[in-house]
Amino acid sequence: MSGDKKRVQFRAPHRLIDRTDALADVLGEDRTDILVTALREYLQEAAHDDALTQEIAAAYYDDEISFEQLKALVGAEEAANLRVLKQQLDEDFIDEVADA
């Protein structure tokens, strides 16, 4: 993981932050460590959710996200596969329009 960090700020329910702080106390870590770990695990699990992967792919095909964003979400190998498929879909569309 890169050493570069970006500051973010968000609002969360008090109860959620209280639970985060309690867990941080138990583990001897700080709140940020707990939140970063939780976010990392959530994103890792989300990358393996087929329905979500399809939504991510659709966003890429519709040019709503860049290839770099795609790669960050689904990994380099899956992103490369989706890029090839997008290129094939684009070529097929061009062929269909040309034949019309």
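These numbers were taken from a predicted model, which means no experiment stands behind them.

Novice: Outline a nonpolar patch on the surface, supporting the account with residue identities and numerical values.
Specialist: On the surface, a nonpolar cluster with roughly 400 Å² of combined accessible area is contributed by L39, Y42, L43 and L73. As for its placement among the helices and strands, L73 is situated in helix 4 (residues 67-74). A residue is classified by how much of its surface remains accessible, and L73, at 36% relative accessible area, is partly exposed.

Novice: Kindly report on the side chain of T20, identifying the contributing residues and their values.
Specialist: Position of T20 relative to the elements: it lies in helix 1 (residues 14-27). Taking relative accessible area as the criterion, T20 reaches 7% and is therefore assigned buried.

Novice: Could you give an account of the pattern of salt bridges, with specific residues and numbers?
Specialist: Applying the stated criterion to the full structure yields three salt bridges. Between K86 and D63 there is a salt bridge; the shortest N-O distance is 2.4 Å. Linking K86 in helix 5 (residues 76-99) with D63 in the loop between helix 3 (50-61) and helix 4, this pair joins segments that are 23 residues apart in sequence. The buried category is assigned to K86, whose relative accessible area is 12%. For D63, a relative accessible area of 58% puts it in the exposed group.

Scoring rules and cut-offs
Residues numbered from 1 in each chain as written. Predicted model: local features only at pLDDT ≥ 70, side-chain atom pairs only at ≥ 80, totals over all residues. Heavy atoms only, no water. Patch = residues over 30% accessible without salt bridge, like charges linked within 9 Å, V, L, I, M, F, W, Y side chains within 5 Å. Areas by Shrake-Rupley, 256 points an atom, 1.4 Å probe, with all protein chains shown as cover. Salt bridge = Lys/Arg side-chain N within 4 Å of Asp/Glu carboxyl O. Helix = DSSP H or I, 4+ residues; strand = E, 2+ residues; numbered from the N terminus. Buried < 20%, exposed > 50% of the residue type's maximum accessible area, 1.4 Å probe, protein only.

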